[in-house]
Amino acid sequence: MITELFINSCILIAFISISQNFVMKKDINKNSSIALKILTGTYAGLLGILLMLFSIRVTPSIITDFRALPILLSAIYGGFLPTIIASLIMGAFRILYFGISNASLIALIVILLMGSGFSTINLVKSEMKGKWIYSITYSLLVNTIAMPILIKDSMLLFKVFTVYCVSTLLMSYFIFKFTEYLSESVQSYRRLKSEATIDFLTGLNNVRQFDNMFNIVAQQTIRNGEELSLLFLDIDYFKKINDTFGHSSGDMILKDLAVILSNTCRVYDVISRNGGEEFSVLLANCPAAHALEVAERIRKNVEGNKFYISNKVNINITVSLGISTYPNITSNIDNLLEHADTALYEAKKTGRNKVVLYNSKDQLTNVN
């Protein structure tokens, strides 16, 4: 019995561990797609089948297993639909594999009761720990009612019920702690993945993601024979703003500027914070003339916006912008960054609050 208990436990742990890799990329919850919920319920049902195939033999004629736990997990993480799917799969297998008998019919009823009960308990507004406690208590209660129907010998009933209760409680506690640990691991993974590509302050791409996206868009541009424009912009006199109003006010301005950029540019433009007060916009399939229009629109929107640094105090800021375009002006796409930076430097050197388009012979300046 100890060996079978160990095997049942290992199967359960292995399936949960494997599913973690899937959960990292697909967020399974009540709002998941129907297809994902069906897949989750099927996965839980198959796990329940495997647990039944490697049941724990309490006596030569009586077996038990941890089939309630896959149903419980599907209820907590997937909601009603995957729970019912898992219950039906397990119930159908119990009838087909073990044959029709009183034991099979009662097992089917117990499985369906657990599925509906766990789904209902999951609707209760409670912490995860509370839902586990309520669900396991409900499971033990259902089996407490079911077992005496099949087992008439009181001593045998006591033995079976004791083994079932102790093993279920111990395994439930372990699985709860294990899934709690896995959930924290998934959240940490997602947070670190997001931090690796997203600027923590503005929510825009960070410089690492900008580099990745530039390489991707540049390759697509060359392959499709399109035009590509790169826009660099910098907040004018930002250091003075930080020194006068404090860095927290500067952070508020950076966040508001990110909103303006997102609202001004196209949804598929790649907007990034490249560091400090410097931002960039990668304009795919965009000629120089249109890039100038976008840059000028950004400049005007920033100039006309009131940036609040407190509930009552607001200031105005300006930005300088530099543009480079491939292939009409910059023939080598790898030089776009250098040329856009050169144009930005020219805009700041010649008075700020203006847009400058890089030209291979000189700088063509759009003076505002």
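Described below are features of the structure shown in this document. (Residues numbered from 1 in each chain as written. Predicted model: local features only at pLDDT ≥ 70, side-chain atom pairs only at ≥ 80, totals over all residues. Heavy atoms only, no water.)

Attention now goes to the side chain of serine 320. By the element assignment, serine 320 lies in strand 8 (residues 319–326). Within polar-contact distance, the side chain of serine 320 engages the backbone nitrogen of asparagine 353 at 3.2 Å. The residues contacting serine 320, other than those within four sequence positions of it, are Phe232, Leu233, Asp234, Asp236, Leu344, Ala347, Lys348, Arg352, Asn353 and Lys354. (Helix = DSSP H or I, 4+ residues; strand = E, 2+ residues; numbered from the N terminus. Polar contact = N/O pair within 3.5 Å; in protein donor to acceptor, adjacent residues only side chain to side chain. Contact = heavy atoms within 4.5 Å.)

Now for the environment of glutamate 226. Topologically, glutamate 226 is positioned in the loop between helix 8 (207–224) and strand 3 (228–235). Distance in space between the C-alpha atoms of glutamate 226 and tyrosine 326 is 8.5 Å, their sequence separation being 100 residues. In this structure, glutamate 226 is in contact with Thr221, Asn285, Tyr326 and Pro327, ignoring residues within four places of it in sequence.

In this structure, Leu12, Leu69, Trp132 and Ile175 are the most contacted members of the largest nonpolar core, which totals 42 residues. Those elements that provide at least two residues to this core are helix 1 (2–25), helix 2 (34–53), helix 3 (68–78), helix 4 (80–98), helix 5 (102–122), helix 6 (128–150) and helix 7 (154–197). The element that contributes the greatest number of residues to this core is helix 7, accounting for nine residues. Sequence-distant contacts of isoleucine 175, that is, excluding residues within four places in its chain, are made with Leu12, Ile13, Ile16, Leu69, Leu73 and Trp132. In this structure, Ile241, Phe307, Val319 and Ala347 belong to the second largest nonpolar core, which totals 39 residues. (Core = buried A, V, L, I, M, F, W, Y, C linked by side-chain atoms within 4.5 Å. Buried < 20%, exposed > 50% of the residue type's maximum accessible area, 1.4 Å probe, protein only.)

Our next topic: the pairing of strand 9 (residues 355–358). What you see with strand 9 is no split at all: Val355 and Leu357 on one side and Val356 and Tyr358 on the other are buried throughout. When strand 8 meets strand 9, the two strands line up parallel, connected through three bridges. When the sheet's bridge partners are listed, isoleucine 323 is paired in strand 9 with leucine 357. Where the polypeptide runs from strand 8 across helix 12 (residues 336–349) and back to strand 9, its parallel neighbour, the crossover connection is left-handed. (Pairing = 2+ DSSP bridges. Right-handed = clockwise from strand over helix to strand, strands pointing away.)

In this section: the packing of helix 3 against helix 6. When two helices pack together, their arrangement is given by the angle between the helix axes and the distance between those axes. Contact geometry for helix 3 and helix 6: axes closest at 11 Å, N-to-C directions at 145°. The handedness of the crossing between helix 3 and helix 6 is right-handed. Every residue of helix 6 that contacts helix 3 at Ala68, Leu69, Leu72, Leu73, Ile76 and Tyr77 is listed here: Met128, Trp132, Ser135, Ile136 and Ser139. Residues that form the contact of helix 3 with helix 6 fall into these classes: nine nonpolar, two polar and no charged. (Axes fitted to C-alpha atoms, helices over the stretch in contact; angles between N-to-C directions. Left-handed = near helix turned anticlockwise from the far one by under 90°. Nonpolar A, V, L, I, M, F, W, Y, C, P; charged D, E, K, R; others polar.)

Moving on, we get to helix 5. In an α-helix there are 3.6 residues to a turn, and that puts residues three or four apart on one side. Taking 1.5 Å per residue as the helical rise, helix 5 with its 21 residues ought to reach 30 Å, and the 30 Å between its terminal C-alpha atoms agrees with that figure. Buried residues of helix 5: Ser104, Ile106, Ala107, Val110, Ile111, Met114, Gly115, Gly117, Phe118, Ser119, Ile121 and Asn122, and no others. Tucked into the core, helix 5 has its buried residues touching helix 3, helix 4 and helix 6. (Expected span 1.5 Å × (residues − 1).)

For the rest of this paragraph, the subject is the packing of aromatic side chains. Tallied over the entire structure, the rule returns seven aromatic pairs. Their ring planes at 45° and their centres at 5.3 Å tell us that phenylalanine 15 and tyrosine 43 sit as a pair that is tilted. In this pair, phenylalanine 15 sits in helix 1 while tyrosine 43 sits in helix 2, placing the two residues 28 residues apart along the sequence. The interplanar angle of 70° and the centroid separation of 6.1 Å between the aromatic rings of phenylalanine 118 and tyrosine 138 together place this pair among those described as edge-to-face. Note that phenylalanine 118 is positioned in helix 5 and tyrosine 138 in helix 6, a separation of 20 residues in sequence. The exposure class assigned to phenylalanine 118 is buried, which follows from its relative accessible area of 1%. (Phe/Tyr/Trp six-rings, centres within 6.5 Å; stacked < 30°, edge-to-face > 60°.)

Shape descriptors only; they carry no functional weight alone.
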